[in-house]
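Breakdown of the fold
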Amino acid sequence: QGSAAPVPPVTGRPRSQDGANRAATPNAQVRPTPAQGDDADEIERLRVEIDACNRGERDGCSHAGGILTCSPNRSTRNHARAAVFNRRACNLGGYVACSVLGEMYRGGVGVPRDLAQAASYYQRACDGGLTQWCGRERSTDELHRCLQLR
């Protein structure tokens, strides 16, 4: 019985919310930076999920990506960082995270707009058993609102 597989490296250059390109460090020990006015419970939940992700736990990566993608607190929401965690979760078999990442690439939210990448992540979600993403061209209403896609 071997140890858990290492977290695959993160690739690409996610774009921050202000549009600046910032390189993603593979397997970086990412820490949330609380901002004044954030909900303390959400910050703590994000810390716990990031710690789990840094241990290679798929659900931790997926949950951290979800918090950073759709947080009601604007200062917690960070689409570029969400893309990093969603990519990790997808690479660990989190197929919902693959679909979210597809949406992010389709809309250019936190990552450069790239329809080929979007289709690739939709296909990974489909191959993972999420048949609603097979051949998908549009987002679900909830994800659409969360990412504020037009």
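Each chain has its residues counted from 1, following the order in which its sequence is written. Given that this is a predicted model, residues contribute local features only at a pLDDT of at least 70 and side-chain atom pairs are listed and counted only at 80 or more, while totals for whole chains, interfaces and linings are drawn from all residues. Note: side-chain values were computed over all heavy atoms of the structure, leaving out hydrogens and water.

1. A few points about the confidence of the model for the chain
We count it as follows: Values of pLDDT, which run from 0 to 100, indicate the predictor's confidence residue by residue. Comment: elements are numbered from the N terminus, with helices defined as DSSP H or I runs of at least four residues and strands as E runs of at least two. We call two residues contacting when some pair of their heavy atoms lies within 4.5 Å.
Looking at the chain as a whole, its pLDDT mean stands at 75, while 63% of the residues score no less than 70. Per-element confidence in the chain ranges from a low mean pLDDT of 62 for helix 6 (residues 141–147) to a high of 95 for helix 3 (residues 79–91). Across residues 1–37 the pLDDT falls below 50, and counting only partners more than four positions away or on other chains, this stretch makes 64 contacts in the model.

2. So, helix 5 (residues 115–127)
Threshold: Expected span, for any helix, means 1.5 Å times one less than how many residues it has. Relative accessible area decides the class of each residue, using a 1.4 Å probe on protein chains only: under 20% of the type maximum gives buried, over 50% gives exposed, and in between gives partly exposed. Along the arc lie the directions from the helix axis toward the C-beta atoms. A 3.5 Å cut-off defines polar contacts: any pair of N or O atoms within that distance qualifies, except that in protein one atom must be a possible hydrogen donor and the other a possible acceptor, and neighbouring residues in sequence count only when both atoms are side-chain atoms.
The end-to-end C-alpha distance of helix 5 is 18 Å, a good match for the 18 Å that 13 residues give at a rise of 1.5 Å each. Among the residues making up helix 5, those that are buried are Ala118, Tyr121, Tyr122, Ala125 and Cys126. One face of helix 5 carries all of its buried residues, which in axial projection span an arc of 145 degrees. Projecting away from the buried face of helix 5 at angles above 90 degrees are the exposed residues Ala116 and Asp127. Looking at the packing, one finds that the buried side of helix 5 touches helix 3 and helix 4 (95–107). N-capping of helix 5 is provided by Asp114, with a side-chain oxygen placed 3.1 Å from the backbone N of Ala116. Of the residues flanking the end of helix 5, it is Gly129, one or two places downstream, whose phi is positive at about 105 degrees.

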